[in-house]
Amino acid sequence: MNFNSSNIIALLGPTNTGKTYVAIEKMLEFDSGIFGLPLRLLAREVYDKCVNKVGIEKVALITGEEKIIPSTACYFICTVESMPKDKKVDFVAIDEIQMCADKERGHIFTERLLELRGEKQTMFLGSQVMAKIIEELVDNVKFEKKERYSKLGYSGIKKISRLDRKVAIIAFSIEEVYAIAELVRRQKGGAAVIMGSLSPKTRNSQVGLYQSGDVDYLIATDAIGMGLNMDINEIYFSSLKKFDGKKTRRLNLIEMSQIAGRAGRYKNDGGFGTTGDCETLNSDEIEKIEKHDLPDTKTIYWRNSNLNFENPEKLISSLELKPKQKNLLRTNDSLDESVLRFFLKKGTNNIIYHKNLEILWECCQIPDFEKKAYGQHINVVDKVFQFLTTRKKRIPSTFMKEQLKGLEKDHGNVDLLSHRLSNVRTWSYVANKKNWVENSDYWVQLTKGIEDKLSDKLHDELTKSFIDKKISILSRSLKQDLVMNTEINDMNKIHIDGQLIGELKGLKFLIEITSRTLDTDIKSMKKAARKGVEKELVNRVNEILKYGNIEIDHESRIIWKNNSIARLKKGNDYLNPGIEIIADDTLDEESKSKLYMFLNKWLTNYINEVLGDLIKLTNHKINNQYLRGLIFQLYENNGVIKRSDVSKIVKLIPPDERKKLWGMGVKIGRYHIYLPKMLKPKAVNFRVSLWKIYHNLSEKNKIPKSGLNFLIGNNLEKNFLLLCGFEKFNEFFVRIDILEKLFLKIIENTKNGKFKINSEMMNLLGCSKENFYKLMSYMNYKKDKLADTYVFRGEKKKRGKIIRFDKKENPFNKLLSLNIK
């Protein structure tokens, strides 16, 4: 298509010149248009403006994480990455075109600059530094220069304590932002926070906090330099150095100007300066920023977009293609390309990567919102790719549910909430990809809902962190020795003079802290709250002594009203653990002593109730030394011993004495001697937990889930699993009582020294047919020539005759008479 000079317009100039407003108005003069912006937040802002002007049915929003596309839409507001390439419209606009020079995303902006056009008009918006290079690369461009509505002047060097209101302070790391915000909170009463890592909704909420006048100060990273329009009178740099992903470097003049230009909106003049330990700007830099006299951009980043997916070699070759023009610089080290190279190297002998190169490349472009754990990002990409190349070619809902599990929780500090938000945004992006996810509409709505919920909570946490009145109230009260009003509500929250100080969890006072609360703040709050809390703690102890209502959880903690009040610790032996009270220092010693005595008595009764058969082993009066020895071994081994380990003792126990074992709750099985009641889930969990405490076993020793009869694993600890009631056969573990039932089934089905495998036997274990056959071989049963038939190795010669078990005979009688080892 041939363009004349009126088709392509470059609307260039400094910040605060109204370029975006002009472009919106121009687009709406046409019947259709696409508007590309650098941030999802800005896309949403322009989308809302267009909706207000022409109605919601005519406007679409397309970003990586959010899509609103009415069937009647004719105006498409997008992030630059999400701009449709194949849609023909009258008008196309690309904002912040100077982003072509950005190392990370520049190649995408350059591709749009060179290739994306409106049928009737195309408009590039951005800094005047792009004028020369646009003229070199794009034919027939009409340049329009926009002048700033207000003046921008140098304000000098000021301490933070002397800054006037309506000021933004710029820092270049999260740590610096937090530190300055805390200082401003203490000196000025509060500050809003703007960082690139915040979600769009959280950023908007923080901007709203500032714009509404609730706070007069804004602490921000250089994210403020792109499209955020606020009533800022002055911008102060706390540093002129930033880490750009590879090294710490000084800001260039264009970056300084872009940030400083956010001061002064519309016709209100703005100022810029430095504060804190920031190095000073030199006179030449100051003059150039004031006059917007900035160096031209000489090169921009480019990457070939016409990729060859025929094979890995051709794909890499097409990505490595060098630009023909000298002012285009090939992008190196982009994340998507690094991830692609990783998978092609990993999948050298894996044909699935080679056969699905287009899908792999699309998966590699999943954004890494976390920007911390490269390996984690690789795993996300790989999982998505694997699902998209299966027969269903969709990510299943079960997987999405698993990834989002726990992310909806809105408790935690700023860092934890930010981490959850980053994860949610990843899966929001995945859910919004066309034909990637089962039931995609549901997951789009769910991820959006979780993101909004976490964004609101993150905004609240930032507000509590850096606009916090409780420290001043407590400090004033303590200094003047005032009597403060302490209230504890139904949710156990503690308020002092209307300010939330903390909460009571069980008998422990937990202070309400944020990521920036200092030790001095904690001491002040605890001192202020102590008198009111002490009385409540005594009342709680008295309630426990009167009503009990306590239980033990799986972590061996004693729980009262969903909170731990004590934990079990190592005692004299494994069935006599000690107790450690979990209570605040405010609780008096007399109350602690009463509580300890009560819990000790309660625990003894609880052990007798749950582990009665095991405890009673030591109470039986036994005369026969062999029987006594067996019972001692059983007690010392937590109620489970292998029969082979005590076979000599068992042989020496007379039949009359052996019968006493049933009365003691002891069973002599084919493979084990054990207490059947101690294999019940509650008993297993409790006695093994006590064993772990006494023997200091690590948390890696996990008790198998209730209901499992068959486990597989080469790395499982056999001695620990025997305590849990499982016997090892190579890589298999079988619950010992189920093993006995299996043995009896084999006896019942044995004829002529052979037995046939049936479904009842396999159902007992709950394992596959293949694993069951393996188990038979591990148990030394020899396979017969007949299908599914094995030779029963339990047959024995007696006085020259072969004794075989018959289905009609009582298997227990035979077992006793044969005295099987």
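Just so we're clear, the structure is a prediction, and the values are computed from it rather than from any experiment.

**Student:** Tell me what's going on with the overall build of the protein chain, and back it up with residues and numbers.
**Tutor:** The number of helices and strands found in the protein chain is 30 helices and 38 strands. Each of the 821 residues in the protein chain was classed as buried or not, and the buried ones make up 51%. Summarising the internal contacts of the protein chain: among those between residues at least 6 apart in sequence, 67% fall at separations of at least 24. When the accessible surface of the protein chain is totalled, it reaches about 41,500 Å², and 48% of it is carbon and sulfur.

**Student:** Lay out the packing of aromatic side chains in plain terms, naming residues and giving numbers.
**Tutor:** Within the structure shown, the criterion is met by 20 aromatic pairs. Between Trp-602 and Tyr-606, the ring centres sit 5.1 Å apart and the planes meet at 15°, which makes this aromatic pair stacked. With Trp-602 and Tyr-606 both in helix H19 (residues 589–610) and four residues apart, this pair spans about one turn of that helix. Ring-pair connections join several aromatic residues into one group, and the members of that group are Phe-342, Phe-343, Tyr-353 and Phe-385. Across from the ring centre of Tyr-671, 5.1 Å away, lies the NZ or CZ of Arg-670, which sits over that ring. For Lys-783, the ring lying beneath its charged end belongs to Tyr-790, and the centroid distance is 5.8 Å.

**Student:** Can you tell me about the packing of helix H1 (residues 19–28) against helix H2 (residues 40–54), naming the residues and giving the values?
**Tutor:** Across the interface, H1 lies against H2 with an axial gap of 11 Å and an inter-helix angle of 45°. In terms of orientation, H1 lies oblique with respect to H2. Seen along the crossing, H1 lies across H2 with a hand that is right-handed. Of H2, the residues touching H1 (which contributes Thr-20, Ile-24, Glu-25, Met-27 and Leu-28) are Val-46, Lys-49, Cys-50, Lys-53 and Val-54. Here the residues of the contact of H1 with H2 are counted per class, giving six nonpolar, one polar and three charged.

**Student:** Can you tell me about the side chain of Glu-727, naming the residues and giving the values?
**Tutor:** Looking at the element boundaries, Glu-727 is found in strand S31 (residues 726–729). A distance of 2.4 Å separates a polar atom in the side chain of Glu-727 from a polar atom in the side chain of His-672. Setting aside residues up to four positions removed in sequence, Glu-727 forms contacts with Lys-642, His-672, Leu-722, Phe-732, Phe-733, Val-734, Ile-736 and Leu-739.

**Student:** Outline the nonpolar core, supporting the account with residue identities and numerical values.
**Tutor:** If you look at the biggest cluster of nonpolar residues, it comprises 62 residues, and the most contacted ones within it are Ile-97, Ile-134, Leu-218, Ile-224, Ile-235 and Phe-237. Among the elements that take part in this core, helix H7 (residues 253–260) stands out by supplying four residues, more than any other. Once residues within four sequence positions are removed from consideration, Phe-237 is found in contact with Ile-170, Leu-251, Met-256, Ile-259, Ala-260, Gly-273, Thr-274, Thr-275 and Cys-278. In terms of nonpolar packing, the next biggest core, distinct from the first, is built from 61 residues, Leu-307, Val-424, Trp-436 and Val-444 among them.

**Student:** With reference to specific residues and values, describe the environment of Glu-362.
**Tutor:** Looking at the element boundaries, Glu-362 is found in helix H12 (residues 357–364). Of the residues examined, Glu-362 reaches a relative accessible area of 33% and is grouped as partly exposed. Measuring from C-alpha to C-alpha, the distance between Glu-362 and Lys-433 comes to 9.9 Å, with 71 residues separating the pair along the chain. In this structure Glu-362 touches Lys-433 and Trp-436, once residues within four positions along its chain are discounted.

**Student:** Mind laying out the sheet that holds strand S24 (residues 557–560), listing which residues take part and the relevant values?
**Tutor:** One open sheet holds the four strands; their spatial order is S23-S24-S25-S26, and the pairing between them is antiparallel. Edge strands, defined here as strands with exactly one partner in the open sheet, are strand S23 (550–552) and strand S26 (578–581). Averaged over all adjacent pairs, the angle separating strand axes in this sheet is 30°, with direction ignored. In the sheet, S24 pairs with strand S25 (residues 563–569) via four bridges, with the strands oriented antiparallel. Looking at the pairing, Trp-560 lines up with Asn-563 of S25.

**Student:** Residues and numbers for the environment of Met-230, please.
**Tutor:** The residue Met-230 is located in the loop between strand S12 (217–220) and strand S13 (234–237) in this model. When the C-alpha positions of Met-230 and Lys-166 are compared, they lie 9.5 Å apart, and in sequence the two are 64 residues distant.

**Student:** Outline the pairing of S12, listing residues and values.
**Tutor:** Here S12 shows a buried face lined by Tyr-217 and Ile-219 and a second buried face lined by Leu-218 and Ala-220. Pairing analysis gives four bridges linking strand S10 (residues 167–170) to S12, with the strands arranged parallel. Among the inter-strand pairings, Ile-169 is bridged to a residue of S12, identified as Ile-219. As defined by bridge partners, strand S11 (residues 192–194) adjoins S12 across three bridges and the pair is classed as parallel. Across the sheet, Ala-192 pairs through a bridge with Leu-218, a residue of S12.

**Student:** So what's going on with the sheet that holds strand S20 (residues 493–496)? Residues and values would help.
**Tutor:** Ordered in space as S19-S20-S21-S22, the four strands form an open sheet in which the pairing is antiparallel. At either end of the open sheet lies a strand with only one pairing partner, and these are strand S19 (486–488) and strand S22 (508–511). The sheet shows a mean angle of 30° between the axes of neighbouring strands, taken without regard to direction. Alignment of S20 against strand S21 (residues 499–505), held across four bridges, turns out to be antiparallel. Bridge pairing in S21 places Ile-496 opposite Gln-499.

**Student:** Any details on helix H3 (residues 106–115)? Residues and values, ideally.
**Tutor:** Taken across its ten residues, H3 has eight buried, putting it largely inside the fold. All buried positions along H3 are accounted for by Gly-106, His-107, Ile-108, Phe-109, Thr-110, Glu-111, Arg-112 and Leu-113. In this fold, the buried residues of H3 make contact with strand S6 (91–94), strand S7 (121–126), helix H4 (131–137), strand S17 (300–302) and strand S18 (328–330).

**Student:** How would you summarise the packing of H7 against helix H8 (residues 283–291) if you had to cite specific residues and measurements?
**Tutor:** For the pair H7 and H8, interaxial distance at closest approach is 10 Å and the crossing angle is 55°. Our classification of the angle between H7 and H8 gives oblique. Between H7 and H8 the crossing geometry is right-handed. Residue-level contacts link Leu-253, Met-256, Ser-257 and Ala-260 of H7 to Glu-285, Lys-288 and Ile-289 of H8. In the contact of H7 with H8, the residues fall into four nonpolar, one polar and two charged.

**Student:** Before we move on, could you go through the pairing of S24 and cite the residues and values that matter?
**Tutor:** Moving residue by residue along a regular strand, the side chains alternate between the two faces of the sheet. Across three bridges, the pairing between S23 and S24 is antiparallel. Across the sheet, residue Ile-552 finds its bridge partner in S24, namely Ile-558. Linking S23 back to S24 in an antiparallel pair, the connection comprises four residues, with Ser-556 at a positive phi of about 60°. Between S24 and S25, which pair antiparallel one after the other, the connecting turn spans two residues, and Lys-561 there sits at a positive phi close to 50°.

**Student:** How would you summarise unusual backbone geometry if you had to cite specific residues and measurements?
**Tutor:** Within the chain, Asn-696 stands out as a residue other than glycine whose phi angle is a positive 55°. Relative to the helices and strands, Asn-696 resides in the loop between helix H25 (681–694) and strand S30 (710–712). If you check the backbone angles, Asn-730 has positive phi at about 55° while not being a glycine.

**Student:** Kindly report on the pattern of salt bridges, identifying the contributing residues and their values.
**Tutor:** According to the stated counting rule, one finds 46 salt bridges in the structure shown. Here Asp-216 ties to Arg-165 by a salt bridge, and the two come within 3.2 Å at their closest N and O atoms. With a gap of 51 residues between them, Asp-216 in the loop between helix H6 (200–211) and S12 and Arg-165 in the loop between strand S9 (152–158) and S10 connect regions that are remote in the sequence. A residue is classified by how much of its surface remains accessible, and Asp-216, at 21% relative accessible area, is partly exposed. Since its relative accessible area comes to 48%, Arg-165 is described here as partly exposed.

Parameters and conventions
Residues numbered from 1 in each chain as written. Predicted model: local features only at pLDDT ≥ 70, side-chain atom pairs only at ≥ 80, totals over all residues. Heavy atoms only, no water. Helix = DSSP H or I, 4+ residues; strand = E, 2+ residues; numbered from the N terminus. Buried < 20%, exposed > 50% of the residue type's maximum accessible area, 1.4 Å probe, protein only. Contact = heavy atoms within 4.5 Å. Areas by Shrake-Rupley, 256 points an atom, 1.4 Å probe, with all protein chains shown as cover. Phe/Tyr/Trp six-rings, centres within 6.5 Å; stacked < 30°, edge-to-face > 60°. Lys NZ or Arg CZ within 6 Å of the ring centre and 35° of its normal. Axes fitted to C-alpha atoms, helices over the stretch in contact; angles between N-to-C directions. Parallel < 35°, antiparallel > 145°, perpendicular 65-115°, else oblique. Left-handed = near helix turned anticlockwise from the far one by under 90°. Nonpolar A, V, L, I, M, F, W, Y, C, P; charged D, E, K, R; others polar. Polar contact = N/O pair within 3.5 Å; in protein donor to acceptor, adjacent residues only side chain to side chain. Core = buried A, V, L, I, M, F, W, Y, C linked by side-chain atoms within 4.5 Å. Pairing = 2+ DSSP bridges. Salt bridge = Lys/Arg side-chain N within 4 Å of Asp/Glu carboxyl O.

Read these as spatial facts, not as claims about activity.
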